[in-house]
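The chain contents come next:
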Amino acid sequence: MNADGRTRLNQTPEWTALTKHREELADTHLRDLFAADPERGAGYTLQVGDLYIDYSKHLVTDETLRLLRELAAATDVFGLRDAMFRGEKINVTENRAVLHTALRAPRDAVIEVDGENVVPAVHAVLDKMSGFAERVRSGEWTGHTGKRIRNVINVGIGGSDLGPAMAYEVLRSFTDRDLTVRFVSNVDGADLHEATRDLDPAETLFIIASKTFTTIETITNATSARTWLLDALGAESAVARHFVALSTNAEKVAEFGIDPDNMFEFWDWVGGRYSYDSAIGLSLMIAIGPERFREMLDGFHLVDEHFRTAPAEANVPLLLGLLGIWYDNFHDAQSHAVLPYSHYLSKFTAYLQQLDMESNGKYVARDGKRVEWQTGPVVWGTPGTNGQHAYYQLIHQGTKLIPADFIGFAEPVAELSGELKAQHDLLMANFFAQTQALAFGKTAEEVRAEGVPEELVPHKTFPGNRPTTTILARELTPSVLGQLVALYEHKVFVQGAVWNIDSFDQWGVELGKVLAKRVEPALTEGAEVPGLDASTKALVARYRELRGR
Ligand code: F6P
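Residues numbered from 1 in each chain as written. Predicted model: local features only at pLDDT ≥ 70, side-chain atom pairs only at ≥ 80, totals over all residues. Heavy atoms only, no water.

## Here we look at the overall build of the chain
A count of helical and extended segments in the chain gives 23 helices and 13 strands. Against the compact-globule benchmark of 24 Å for 549 residues, the chain has a radius of gyration of 25 Å, which places it among compact chains. Expressed as lengths along the three principal axes of its C-alpha atoms, the size of the chain is roughly 75 × 65 × 60 Å. For the chain, buried positions account for 52% of its 549 residues. Taking contacts inside the chain between residues at least 6 apart in sequence as the whole, the part at least 24 apart equals 75%. Total accessible area on the chain is roughly 23,900 Å²; 52% of this is exposed by carbon and sulfur atoms. (Helix = DSSP H or I, 4+ residues; strand = E, 2+ residues; numbered from the N terminus. Rg over C-alpha atoms; globule rule 2.2 N^0.38 Å. Buried < 20%, exposed > 50% of the residue type's maximum accessible area, 1.4 Å probe, protein only. Contact = heavy atoms within 4.5 Å. Areas by Shrake-Rupley, 256 points an atom, 1.4 Å probe, with all protein chains shown as cover.)

What follows is the structure, given as structure tokens:
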């Protein structure tokens, strides 16, 4: 028992039961599970909103699922969930509420933080964003010289970049194709250079997105963007027509020189990686329009309500979280692949990397003690068919167990027609074939029966038994995107709750930031940095030499 009243996770009877159960299942193959239950394919499925979830190709039985749910009950996942939805300060190390769910709550909802209902403020900002987005889209909001805004550049990093950049890509077919929308995040000057080199400053709007408005990469890029603009337009007053800010920090925004009227606010109870449905989504809203943005928020809300109210047996985020725990903690899986069969989801996994790995990449539990169990997996993946011709070899025949999510759609986007539309069946044939091959493989007997020479039989044998979740929806809409993101947000929540870690802080990124600040004068001025280690010192010296300093 710990000071926080919890038994250490790996000392609970539920953990012990799962360890034992894992041993009992050691020799069970998915082929056996399917043979024993002809209904498994249709039975091991759930529906949430537009998402059909097939979890039949997992190394689980009814008993496994029951034991996993008991672990969730023992660790009070639903208790923490309710505390989150109530606005309690469950981000203990920063003493903050965790209320991204309030960002998509309906106008008449009441959600309180420190006794104050935050929903009216959420909708006031959404309304302000909508008004601004409409003005840019209609051409009413012009640049300093009176020209129409044709280019929108979001400058931000991490949660202030990945969400809108991903969602813009996902919803490209819903965007105003006359607008050029780009995302600059890297402090490498090449990023801003490539984003601006072919644009007319008089037609360009910069959206400076930073929760803290102190992030060095963003402030540096924003400053360079202002120089680029003013070099072309001259007057300082141009900034007011070409720069808006998305932030929680009004003071710093004003200090930078952005008119507070041009600031779209959010709040400290929105984590950076949970923020793209807040003001941080302004670039996306300009691209797709307020109505589509609201449809996306409704999609988020639908899954929030499902997570909040569905019983454990039918709760999809709970299920996906627990399946991850099954592999992470009881099968020693180190990573988790997310493999979308949609070109538009090309940035989805990169987005999930921050969501999952910044949330659950922690070695200290909420009680301040080191965990004695594995926490967050390495999340990786790219659109599926490309991956098939690159790294799927390792998933099929490598020595590592890599659970994977396959995400696909019955319909291609409405813009496609003719042959391009017809290609969709081939795309989806691959989608279905891959999870089949991963689950059932190909036995040595089957290979021999094809007349393969004996020495090649082991090479052509596929062990199978490689677990996957299939997520299938009819089409990729703004609402479906909201549903998908909320599903993963809550999955990550479930895992953090079971592991007893604070999924909402990110202290692990601080040290690198501090050291970069300390080492920079050594690069630029050759300054002596006290306490610099021998390796870094030699590298800095070589860098200066290469730069002719
Ligand atoms: O360094 C990590 C981080 O704090 C992320 O959590 C955050 O999304 C990102 O930096 C950007 O922060 P900000 O929005 O304050 O610029």
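## Observations regarding the domain arrangement of the chain
Many descriptions give the size of an interface as the accessible area lost when the pieces come together. You can read the domains of the chain as domain 1 (46–75 + 310–501), domain 2 (103–293) and domain 3 (514–547). Placing the centre of domain 1 and that of domain 2 at their C-alpha centroids yields a distance of 33 Å. On the domain 2 side, the residues contacting the 23 residues of domain 1 number 19 residues. Buried surface at the junction of domain 1 and domain 2, summed over both partners, amounts to about 1,900 Å²; 61% is from carbon and sulfur atoms. Among the residues of domain 1 in contact with domain 2, Y344, Y351 and P478 are the three that bury the most area, contributing 30% of the side total. Linking domain 1 with domain 2 are three salt bridges, by the criterion used here. (Domains from an automatic or database assignment. Buried area = accessible area lost by both parts, 1.4 Å probe. Salt bridge = Lys/Arg side-chain N within 4 Å of Asp/Glu carboxyl O.)

## A look at helix α15 (residues 348–360)
For α15, built from 13 residues, the straight-helix expectation of 18 Å at 1.5 Å per residue is met to within 8% by its first-to-last C-alpha distance of 18 Å. Residues of α15 that are buried include every one of F348, T349, Y351, L352, Q354, L355, D356, S359 and N360, and no others. (Expected span 1.5 Å × (residues − 1).)

## Notes on the packing of aromatic side chains
The relative placement of two aromatic rings is captured by the distance of their centres and the angle of their planes. Summed over all chains, the structure comprises 26 aromatic pairs. Between F132 and W141 the ring centres are 4.8 Å apart and the planes differ by 70°, which places this aromatic pair in the edge-to-face class. For W141, a relative accessible area of 8% gives the class buried. Judged by centre distance (5.8 Å) and plane angle (50°), the rings of Y168 and F183 are tilted. Taken together, the positions of Y168 in helix α7 (residues 162–170) and F183 in strand β6 (residues 180–184) put the pair 15 residues apart, joining distant regions of the chain. (Phe/Tyr/Trp six-rings, centres within 6.5 Å; stacked < 30°, edge-to-face > 60°.)

## Some words on the sheet that holds strand β1 (residues 45–48)
The six strands are arranged β1-β2-β13-β12-β10-β11 in an open sheet whose pairing can be described as mixed. On the outer flanks of this sheet lie β1 and β11 (378–380), each paired with one strand and no other. Here the average twist between neighbouring strands, direction ignored, is 15°. In the sheet, strand β12 (residues 404–409) pairs with strand β13 (residues 468–473) via six bridges, with the strands oriented parallel. From the neighbouring strand, I407 faces β13, where its bridge partner is I471. On the sheet, helix α21 (residues 478–499) packs against β1, β2 (51–54), β10 (335–340), β12 and β13 and is oriented at approximately 165° with respect to β12. (Pairing = 2+ DSSP bridges. Axes fitted to C-alpha atoms, helices over the stretch in contact; angles between N-to-C directions.)

## So, the UniProt feature "active site" (unreviewed entry) in the chain
Mapped onto this structure's residue numbering, the UniProt feature "active site" (unreviewed entry) falls at E358, H389 and K513. Sequence-wise these annotated residues cover 156 residues; spatially they are dispersed, their C-alpha atoms as much as 37.1 Å apart. Looking only at the residues we just named, the largest pocket is lined by E358 and K513. At a separation of 2.9 Å, a polar atom in the side chain of E358 contacts the side chain of R273. (UniProt positions renumbered as here; feature names shortened; annotations may be inferred. 1 Å grid on protein atoms, 1.4 Å probe; cavity = no way out; pocket = protein on both sides within 12 Å on 5 of 7 lines; lining within 4 Å. Polar contact = N/O pair within 3.5 Å; in protein donor to acceptor, adjacent residues only side chain to side chain.)

## Some points on the site of the ligand
In the region of the ligand, 14 residues are neighbours, and S160, S210, K211, T212 and T215 sit closest. In the environment of the ligand, an oxygen atom lies 3.3 Å from a nitrogen or oxygen atom belonging to the side chain of K513. Bound to the protein, the ligand loses 89% of the 390 Å² it would expose on its own. Placement of the ligand is best described as lying within the largest pocket. When grouped by side-chain class, the residues that make up the shell around the ligand number two nonpolar, nine polar and three charged. (Near = heavy atom within 4 Å. Sits in = over half its atoms within 2 Å of the grid points. Nonpolar A, V, L, I, M, F, W, Y, C, P; charged D, E, K, R; others polar.)

## Concerning the sheet that holds strand β5 (residues 151–155)
Strand pairing in a sheet takes place through backbone hydrogen bonds and is either antiparallel or parallel in direction. Here we have five strands laid out as an open sheet, ordered β6-β5-β7-β8-β9, and parallel in their pairing. The two strands at the open ends of the sheet, each matched to only one other strand, are β6 and β9 (263–265). Here the strands of the sheet are splayed against their neighbours by 20° on average, with no regard to which way each runs. For strand β7 (residues 204–209) and strand β8 (residues 243–247), the ladder comprises four bridges, and the chain directions are parallel. Residue I207 lies in a different strand from β8, and its bridge partner there is V244. Across the sheet, helix α9 (residues 216–233) is in contact with β5, β6, β7 and β8; its angle to β7 comes to roughly 160°.

## What to know about the pattern of salt bridges
Summed over the entire model, instances satisfying the criterion amount to 31 salt bridges. A salt bridge links R81 to D82; its shortest N-O distance comes to 3.0 Å. Taking the relative accessible area as the measure of exposure, D82 reaches 28% and is therefore partly exposed. Residues E94 and R96 are paired through a salt bridge, measuring 3.8 Å at the closest nitrogen-oxygen approach.

## A word on the confidence of the model for the chain
Of all residues in the chain, 99% have pLDDT values of 70 or greater, and the mean over the chain is 97. Among the prediction metrics, the complex's ipTM stands at 0.98, with pTM recorded as 0.97. (pLDDT = per-residue confidence, 0-100.)

## Some points on the side chain of K211
For K211, the location among the structural elements is in the loop between β7 and α9. Among buried charged residues, K211 stands out as having no salt bridge; its nearest opposite-charge side chain is E94, 6.0 Å away. A distance of 2.8 Å separates a polar atom in the side chain of K211 from the backbone oxygen of V270. Beyond its immediate stretch of four places on either side in the chain, K211 contacts R96, S160, L246, S247, T248, N249, F266, W267, D268, V270, G271 and G272. (Lys, Arg positive; Asp, Glu negative; His and termini not counted.)

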